[in-house]
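Okay, here's what each chain looks like letter by letter:
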Amino acid sequence: MNNTMERKYLPFEKPLEAMEKELAQLQARKQETFADNQAEIVRLQQKLSETTRQIFSSLTPWQKVQLARHPNRPHALDYINAIFEEFIELHGDRVGADDPAIIAGLAKFEGTSLVVIGQQKGRDTKENLTRKFGMAHPEGYRKARRLMALGEQLHLPVITLIDTPGANPDMAAEERGQALAIASNLQHMAGLRTPILVVVIGEGGSGGALGIGLGDRVLMQEYAIYSVISPEGCASILWKNQQAVEDAARALKLTAPELLQLGIIDEVVPEPPGGAHRDPAKAAEVLAKAMRKHLTELKTISLEELVELRYQKYRKMGVFREISTTAET
Amino acid sequence: MIFRKRYARITPRETPEAKKELWVKCERCGRIVYEKKWKEMWKVCHYCGSYSRLTALERIELLTDPGTFQERWSNLISADPLEFVGARSYVDKLKEDMLKTGLKEALVTGEAKIGGFPVALAILDPHFIMGSMGSVVGEKFVRICELCLEKKWPLVSVSGGGGGARMYEGALSLMQMAKTSAAVERLHRNGLFYISVLTDPTMGGVAASFAFLGDIILAEPGALIGFAGPRVIEQTIRQKLPPGFQTSEFLYQRGMIDLIVERKDLKQTITRLLNIIH
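Residues numbered from 1 in each chain as written. Chains lettered and ligands numbered in written order. Predicted model: local features only at pLDDT ≥ 70, side-chain atom pairs only at ≥ 80, totals over all residues. Heavy atoms only, no water.

Turning our attention to the overall build of chain A. Helices and strands together make up the secondary structure of chain A, namely 14 helices and nine strands. Here the C-alpha atoms of chain A give a radius of gyration of 21 Å, agreeing with the 20 Å that 2.2 N^0.38 yields for 329 residues. For chain A, buried positions account for 57% of its 329 residues. Taking the intrachain contacts of chain A between residues at least 6 apart in sequence as the baseline, contacts between residues at least 24 apart amount to 72%. (Helix = DSSP H or I, 4+ residues; strand = E, 2+ residues; numbered from the N terminus. Rg over C-alpha atoms; globule rule 2.2 N^0.38 Å. Buried < 20%, exposed > 50% of the residue type's maximum accessible area, 1.4 Å probe, protein only. Contact = heavy atoms within 4.5 Å.)

Structure (structure tokens):
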């Protein structure tokens, strides 16, 4: 990630701003003038880490939504560059377009070749216009599908990185079959004869996220979210009030620990204190460790069993009641 | 997620003593239709030809051989796994729609015969929480697919779902897309045949999972079919959508649908397909 990127602060991060700036100044002065301010630096660091701990130990679901969308949060390409030794991005859906909202390619991870697919948000307005804010069109899903098929063919595991507000809701997407593109990816992933490891690294926006998100293991970073609808959308439909986003975020149970409890994800991947954007290198390191563990486990399972286990995993999802008043079997 | 009501809501099976329901007003053309004629035409206005939504029970009557439908798994009922508290509770919404529709859930599943051929049937009723996919919808769909695998029967599904997502069930609702798609994948791998009929409206997660995974996709004329709702698109692009956008005809022109079939011909068309592939 770019070090010169301007640090932005969410309202609840504000108490950290002054301290982080002061700390940066102290460290700069030490480097430039060899000032003997080490004691002062340590004291400030302690204060900073204590304040960070306090703020981040009691985040509300809505605050986590904001963190998942944090303008400084590492994106798919940041993790790809940090974690994989080699990455060659490949392009095109072989039907008529290439979608910059989804990046896909071949990579090497600790000696293992694999297919990597991720939704990519932009860093600034210009980049976001190109990347469509990470909201894929049908061609993005088709490119993803094409590379998953390549993974199956070459016996390469597939890693997908999820970070999207949702599938692109514009006219072009509808004209080119958005629903069909997502549906066929789901079917394809359900039967894919190679391991699929899914990581939600930011926003898991509904069907648009799931379109590359059906896998053998689904991991989620600590401050990522995954939801059937955005809190804004839910608030306006069920509360008829945009101000109700905090209530909606709470009601939807969209945070990583809640989804772990509901059995929708398999593991919460911890983030550095203060969130992935405070220490992207550390976040990538922890994520790589989790990837390694799961890929190693998945590699030991036969392909037949893998597809069967994947089916059973999703077969079990859902909570309902079965009443026994009818004479049916 | 929520769409304009394009037609007057006609409550099925009015109490017989209240004989005032002799006339129905078509909301599209505004003309008054004699109720008997309305029913004969399966809720298609015989003046302007516009389609009104059928309930699951009417749909069964339309498609299956009389007396052959046997419902399965009607004993599956939604739980409230998120203990959803919003402007109103999930439990209240469920109760209200159960009363309104006489159904226990949005998806009605069972076995039946169509033109003499045994089939497994899954019908999504858009009147029950907009035909959205909760855990029960996903579970019943998977069970009907498993019945197909056991009996080697073809699957016929009829989709009418306003938004797909059932917000009250959060991400569990979202996962029903994965669950139902995985079940269709099993049908494919085992060489079974799946006909999907799209009716007004088939949107969101319903469209983006089992509805568009039919080996053959039929649609009723003029149905609203797509992923994002028209209002969401209009908000995104900040302009009005052209007329006919996201209709059956629009999708047919773009190669997304096999056939547009009039309601009165639907049973015959399905029978002809089953006759070739059985």
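Turning to a nonpolar patch on the surface, a few remarks are in order. Residue and element names in this part refer to chain B. Taken together, the side chains of Leu22, Trp23, Ile32 and Tyr34 present a nonpolar region at the surface, about 420 Å² in accessible area. Note on placement: tryptophan 23 falls in strand β1 (residues 23–25). Exposure remark for tryptophan 23: the relative accessible area of 52% places this residue in the exposed category. (Patch = residues over 30% accessible without salt bridge, like charges linked within 9 Å, V, L, I, M, F, W, Y side chains within 5 Å. Areas by Shrake-Rupley, 256 points an atom, 1.4 Å probe, with all protein chains shown as cover. Salt bridge = Lys/Arg side-chain N within 4 Å of Asp/Glu carboxyl O.)

Bringing the environment of Thr55(B) into the picture now. Residues and elements named next belong to chain B. Relative to the helices and strands, threonine 55 is located in the loop between α1 (35–40) and α2 (56–63). In this structure threonine 55 comes out as buried when scored by relative accessible area, which is 12%. Along the backbone, threonine 55 and aspartate 125 are 70 residues apart, and their C-alpha atoms lie at a distance of 5.7 Å.

Counting through the fold element by element, Lys179(B) comes out in helix α5 (residues 170–189). One polar contact links Lys179(B) to Glu139(B), side chain to side chain, over a distance of 2.7 Å. Leave out the neighbours within four places in its chain, and Lys179(B) touches Tyr314(A), Arg315(A), Met317(A), Gly138(B), Glu139(B) and Val142(B). (Polar contact = N/O pair within 3.5 Å; in protein donor to acceptor, adjacent residues only side chain to side chain.)

Reports of interface size often rely on the accessible area that becomes lost once the parts have come together. Its domain assignment divides chain A into domain 1 (17–58) and domain 2 (65–315). Once you take the C-alpha centre of each, domain 1 of chain A and domain 2 of chain A turn out to be 35 Å apart. (Domains from an automatic or database assignment.)

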